[in-house]
Amino acid sequence: MTTGVPPLLLLSDVDGTLLGDDGARPVPASQLRAVLARTARQWAGGLQVGLASSRTLRELTVLQRALALPGPCIAEDGARHALDSSAVVDHGVRASAQGRERHGRRLLLTWQHAAPAAALREIMADEPRMARADTQRQSAAQLAALGFRTPGAVRRALVARTHSMLLDPHGWSSDDLTDLRAHTAARGLQLRRGGRWFTLTMVDGKGPALRALRHHCTVRGVPPLIAAIGNEENDQSLLAEADCRFVIRNPQRGPHPALSSLPDAVVLDTEGPGGWMEMLDRLVPCAQELLAARALGVSR
């Protein structure tokens, strides 16, 4: 790392942000890596890319392997986060890890920020609308219809889900949703939309995990400069915690108002995952502007 220039950490939402509704990437993986390498050369402190999603840690590491972009993960809508053991230089951080998991050749240190999924189901046991939407209670045929067509997909997305509930709300009316939001909030739970799915957790979104990640990635007293990009309501706390904020413009419905109203949020012009590539063009200038403002004592 060059003296005076902090490392740059980019945290990206996945569905609707990095991937389209059909799972397609904005460009082939090789092209994506080439553009990221070019962007990294423009930032003297170095660039690392991580994922922040309602997906499970197992799903995220599989995607990272496909992209050849290993990095930090915030999983299950902020209920968990993980770092490669080899990337951690602070022994205090290493000692604070609550778990260690093998993901292929990677050894990850893991932290939990929420109650286990079993506790969520117990709290909501008297709510039949939750039980009907709970994907872990669906039959194999129902899961296939929802897009989980292989046993591997079920294992990665559902069996590996340890601290949240993934909910399919297709049977909920707007009144149901309003009522369930109030019902879960009264019980200290958080119900948030991320694309077609809703996730139920006992944590205030991805933001707390990002705060912990910022601390864990601090090296010799220098914290990383953090950029974040997302498209949906479950990305609000992630972007709010970041230094540079980028908002994907959703096809047909535009940017989510909870994101576009955040201070200094950059709403991208290109719709959908194509906006991810636009973000890379704007990332370094945004970070340079932020550092310049801080050097002048201007708070951002």
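Quick caveat: nothing in here was measured; it's all calculated off a predicted structure.

1. Some words on the side chain of Lys 206
Part 1 of the argument: As for its placement among the helices and strands, Lys 206 is situated in the loop between strand E9 (197–201) and helix H9 (207–216).
Part 2 of the argument: Side-chain polar atoms of Lys 206 contact the side chain of Asp 235, separated by 2.6 Å.

2. Description of the pairing of strand E1 (residues 8–12)
Part 1 of the argument: Within E1, 5 of the 5 residues are buried, which leaves it mostly tucked inside the rest of the structure.
Part 2 of the argument: The alternating pattern of E1 places Leu 8, Leu 10 and Ser 12 on one face and Leu 9 and Leu 11 on the opposite face, and all of these are buried.
Part 3 of the argument: Strand direction decides the pairing type here: E1 and strand E2 (residues 47–52), joined by 5 bridges, are parallel. From the neighbouring strand, Leu 9 faces E2, where its bridge partner is Gln 48.
Part 4 of the argument: For the handedness criterion, the β-α-β arrangement of E1, helix H1 (residues 29–41) and E2 is classed as right-handed.
Part 5 of the argument: Sheet topology note: the E1/strand E10 (residues 225–230) ladder contains 5 bridges and is parallel. By the bridge assignment, Leu 10 is partnered in E10 with Ala 227.

3. Comments concerning the nonpolar core
Part 1 of the argument: Counting 40 residues, the largest nonpolar core has Leu 10, Leu 32, Phe 246, Trp 276, Met 279 and Leu 280 as its most contacted members.
Part 2 of the argument: Of all the elements, helix H12 (residues 274–295) adds the most residues to this core, at 9 residues.
Part 3 of the argument: Every residue in contact with Met 279, bar those within four places of it in the chain, is listed here: Leu 10, Ile 229, Phe 246 and Leu 268.
Part 4 of the argument: Of all hydrophobic cores here, the second largest spans 22 residues; its members include Leu 109, Trp 111, Leu 210 and Leu 259.

4. Overview of the sheet that holds E10
Hydrogen bonds between backbone groups are what pair the strands of a sheet, and the pairing can be parallel or antiparallel.
Part 1 of the argument: As summarised here, the arrangement of the 9 strands in space is E5-E6-E4-E3-E2-E1-E10-E11-E12, forming an open sheet in which the pairing is mixed. Each having just a single partner strand, strand E5 (99–103) and strand E12 (266–271) make up the two edges of the open sheet. This sheet shows a mean twist of 25° between the axes of neighbouring strands, independent of strand direction.
Part 2 of the argument: Together, E2, strand E3 (73–75), strand E4 (80–84), E5 and strand E6 (106–112) form the strand contacts of helix H2 (residues 57–67), whose direction differs from that of E3 by roughly 145°.
Part 3 of the argument: Together, E1, E3, E4, E6 and E10 form the strand contacts of H9, whose direction differs from that of E4 by roughly 20°.

5. Notes on the environment of Ala 287
Part 1 of the argument: Position of Ala 287 relative to the elements: it lies in helix H12.
Part 2 of the argument: Considering only alpha carbons, one finds Ala 287 and Ala 227, 60 residues apart in sequence, at a separation of 8.1 Å.
Part 3 of the argument: Look past the residues within four positions of Ala 287 in its chain and what remains in contact with it is Leu 8, Trp 43, Leu 225 and Cys 244.

6. Some words on the environment of Arg 58
Part 1 of the argument: Tracing the backbone shows Arg 58 in helix H2.
Part 2 of the argument: In sequence terms Arg 58 and His 103 are 45 residues apart; their C-alpha atoms lie 7.3 Å from each other.
Part 3 of the argument: Not counting residues up to four positions away in its chain, the partners in contact with Arg 58 are Arg 102, His 103, Arg 156 and Ala 160.
Part 4 of the argument: Separated by 3.4 Å, the side chain of Arg 58 and the backbone oxygen of Arg 102 make a polar contact.

What counts and how
- Residues numbered from 1 in each chain as written.
- Predicted model: local features only at pLDDT ≥ 70, side-chain atom pairs only at ≥ 80, totals over all residues.
- Heavy atoms only, no water.
- Helix = DSSP H or I, 4+ residues; strand = E, 2+ residues; numbered from the N terminus.
- Polar contact = N/O pair within 3.5 Å; in protein donor to acceptor, adjacent residues only side chain to side chain.
- Buried < 20%, exposed > 50% of the residue type's maximum accessible area, 1.4 Å probe, protein only.
- Pairing = 2+ DSSP bridges.
- Right-handed = clockwise from strand over helix to strand, strands pointing away.
- Core = buried A, V, L, I, M, F, W, Y, C linked by side-chain atoms within 4.5 Å.
- Contact = heavy atoms within 4.5 Å.
- Axes fitted to C-alpha atoms, helices over the stretch in contact; angles between N-to-C directions.

Note that all results are geometric; they support no functional claim without further evidence.
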